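# Coordinate analysis (summary)
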Amino acid sequence: MEKDLLPLTVTSDPRLFNHQLPEPPDPRCVLEPQDNPELAPALVCALCCCFGIIYCCFGYRCFKAVMFLSGLLSGALVIFLLCHKERVLETQLSLEVSAGIALGIGLLCGLVTMLVRSVGLFLTGLLLGLVLGTGALLATEPVYQPPSAWVPAGGLVGLSLLGALLTLRWPRPCTVLGTALLGASVLVACADYFLEGLALGTRLGQRLQALPDLPPLCWYSWVLLGTWPTLGALGALAQWKLIAEERGGHANVVLSHQRRHLQLLRIHSQEAKWHRTPSRVGLCKSSCQRQLPRSARSPAESLPPNYLHSLREHQLGPSIHTSAPHTILDLDSDCGSTMPLTTPSDSAQT
C-alpha cells in the first residue's frame, strides 16, 4: 500500500519544521574587526593609545606634561569644532585653516594649564566629572531613558563642576583618579574604533540627544564598557605605588644627607679640638691627657713631677732667677710636647 505523499512547501525560516536548530545570531552583533582601516585615523588612534597609557599609569608622576596635554587637546578640540562647524566672520573656514587656528589656541591653553597649577587642577577635575558622567550615561541605558536632551547635558555639566571643586580641595587623590580614568577611557575608545567602528561613541551621541527606541548594545560593547573601570582601577593602583616609592626614596635621600652633614660636623669639631691655637696651648695636663691617646703623649709626661723639677733645677742651675730675657719651657703645662730639654745658654750658643 502506497503512502500518500504530502506536497513540499518552501519557507524562508526552516525552524518551523525543525525546532532543534539554534537561532541564528544577530548580524549586528557579529564581531568583525576592520580589515583595512584608514591610515590617518589609525595613526591618530595609535597616538591616543600612547597618551592613554601615559595618563593611566604615570598621570601624577608626569604632572606638568599631563597638564600641558590636557590643555592642548581640550582647547584645540573645542576651537576646531567651533571654527569648522560655525561660520566665522560670515565665512566658512576650510579644514586646514580651522586646524591651524585650533592648534595655536590649543598650545596657548596647554601653556596656561602647565604653568598655572590651579588652572591645571580645575581642568583635570572637569575631565574627571565628564568621564564619570559619560560612563554613567552609557551604563544606565537599559534602565533609564532621559525625557529630554537637557537632562544628560545638565548632568554632565554638574558632575564636571563637582569634580573640579573636589580636585581643587584634594589635589593628589583626585588627580590620580582623574588621570587614570581618563587614560582608561582613551584606551577603550581606541579599542572601540578598531573593533566595532566607534559604536560606543555613536551610542553616546544618541544618548545625549535623548533619542527613543534605541537598539540594545551588543555583548562586546558591554565588555569594552566593563573594561573601562577595571583599567582605571589598575592605573590608579600603579600611580599610588609609584608615588609611595618616590616618597620613600626621597625620604632616604634626605636622611642620608642629614647623616652625612652630622658626620662632617663631628669631624670638624674633632679637628678643631686637635688643632688648637697657640694661645690655648697652656691647658692643664689632666685635660690634655683625657683628649690625647697614650700613643700620642710625650715620654716626659710619664715621669713623676718631683723628678722633672729636680732635673730642671740641675740643668738650669742658679741662672733660672737671673736670666730674664730667656723663655723657660714649662713641662707641666706643655701637653704632648716632644721638644728636648735644653738650657737657655745652650740655645743661645747654637
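Summarised in this report is the structure supplied together with it.

### What about the nonpolar core?
In terms of nonpolar packing, the biggest core is built from 18 residues, with Y55, V131, L181, L182, V188, L200 and W228 touching the most fellow members. Secondary-structure elements contributing two or more residues to this core are α2 (63-85), α4 (117-139), α6 (171-196) and α8 (219-274). In contact with V131, not counting residues within four places along its chain, are L181, L182, S185 and W228. Counting residues in each nonpolar core, the second largest holds five residues, with I79, C83, L93 and A102 among its members.

### Examining the side chain of S160
Of note, S160 is situated in helix α5 (residues 150-169). Only 2.7 Å separates the side chain of S160 from the backbone oxygen of L156, close enough to count as a polar contact. Setting aside residues no more than four positions away along its own chain, S160 makes contact with G125, L126, G129 and L130.

### Description of the pattern of salt bridges
It is possible for side chains of opposite charge to pair when their charged atoms get near one another. The tally for this structure, following the rule as stated, stands at two salt bridges. Note that E141 and R203 form a salt bridge whose closest N and O atoms lie 2.3 Å from each other. Of the two residues, E141 sits in the loop between α4 and α5 while R203 sits in helix α7 (residues 199-208), which places them 62 residues apart along the sequence. In this pair, the class of E141 matches that of R203, namely buried. Note that K241 is salt-bridged to E245, the shortest N-O span being 3.7 Å. In this pair, K241 and E245 are both assigned in helix α8, four residues apart and thus about one turn of the helix distant. Residue classification places K241 among the exposed positions, given a relative accessible area of 54%. Judged by relative accessible area, which is 47%, E245 ranks as partly exposed.

### Digging into a nonpolar patch on the surface
A cluster of nonpolar side chains, namely L108, L111, V112, L115, V116 and V119, defines an oily patch on the protein surface of about 500 Å² accessible area. Top element by residues in the nonpolar patch is helix α3 (residues 95-115). It accounts for four residues. With respect to the secondary-structure elements, L115 resides in helix α3. With a relative accessible area of 64%, L115 lands in the exposed category.

### Quick notes on α7
Inspection of α7 places L200, R203 and R207 among the buried residues, and these make up the whole buried set. The buried residues of α7 occupy one face: seen down the axis, they fall within an arc of 60°.

### Focus on the environment of C50
By the element assignment, C50 lies in helix α1 (residues 39-58). In the structure, C50 is positioned 137 residues away from L187 in sequence and 8.7 Å away in space, judged by C-alpha atoms.

### What about unusual backbone geometry?
Backbone geometry places L198, a non-glycine residue, at a positive phi of 60°. Structurally, L198 can be placed in the loop between α6 and α7. Here L198 falls in the partly exposed class, since its relative accessible area comes to 38%. At D213, a residue that is not glycine, the phi angle is positive and equals roughly 55°. Locating D213 in the fold gives a position in the loop between α7 and α8.

### A closer look at the packing of α6 against α7
Packing of α6 against α7 leaves a shortest axis separation of 7 Å and a crossing angle of 110°. Taken together, the axes of α6 and α7 lie roughly perpendicular to each other. Touching V188, D192 and E196 of α6 are A199, L200 and G201, all from α7. Across the contact of α6 with α7, the residue classes tally to three nonpolar, one polar and two charged.

### Description of the packing of α3 against α4
Look at α3 against α4: their axes get within 5 Å of each other, and the N-to-C directions meet at 110°. It follows that α3 is roughly perpendicular to α4 by the angle criterion. Between α3 and α4, the residues in contact are V112, T113 and L115 and R117, V119, G120 and L123, respectively.

Thresholds applied
- Residues numbered from 1 in each chain as written.
- Predicted model: local features only at pLDDT ≥ 70, side-chain atom pairs only at ≥ 80, totals over all residues.
- Heavy atoms only, no water.
- Core = buried A, V, L, I, M, F, W, Y, C linked by side-chain atoms within 4.5 Å.
- Buried < 20%, exposed > 50% of the residue type's maximum accessible area, 1.4 Å probe, protein only.
- Helix = DSSP H or I, 4+ residues; strand = E, 2+ residues; numbered from the N terminus.
- Contact = heavy atoms within 4.5 Å.
- Polar contact = N/O pair within 3.5 Å; in protein donor to acceptor, adjacent residues only side chain to side chain.
- Salt bridge = Lys/Arg side-chain N within 4 Å of Asp/Glu carboxyl O.
- Patch = residues over 30% accessible without salt bridge, like charges linked within 9 Å, V, L, I, M, F, W, Y side chains within 5 Å.
- Areas by Shrake-Rupley, 256 points an atom, 1.4 Å probe, with all protein chains shown as cover.
- Arc of directions from axis to C-beta.
- Axes fitted to C-alpha atoms, helices over the stretch in contact; angles between N-to-C directions.
- Parallel < 35°, antiparallel > 145°, perpendicular 65-115°, else oblique.
- Nonpolar A, V, L, I, M, F, W, Y, C, P; charged D, E, K, R; others polar.

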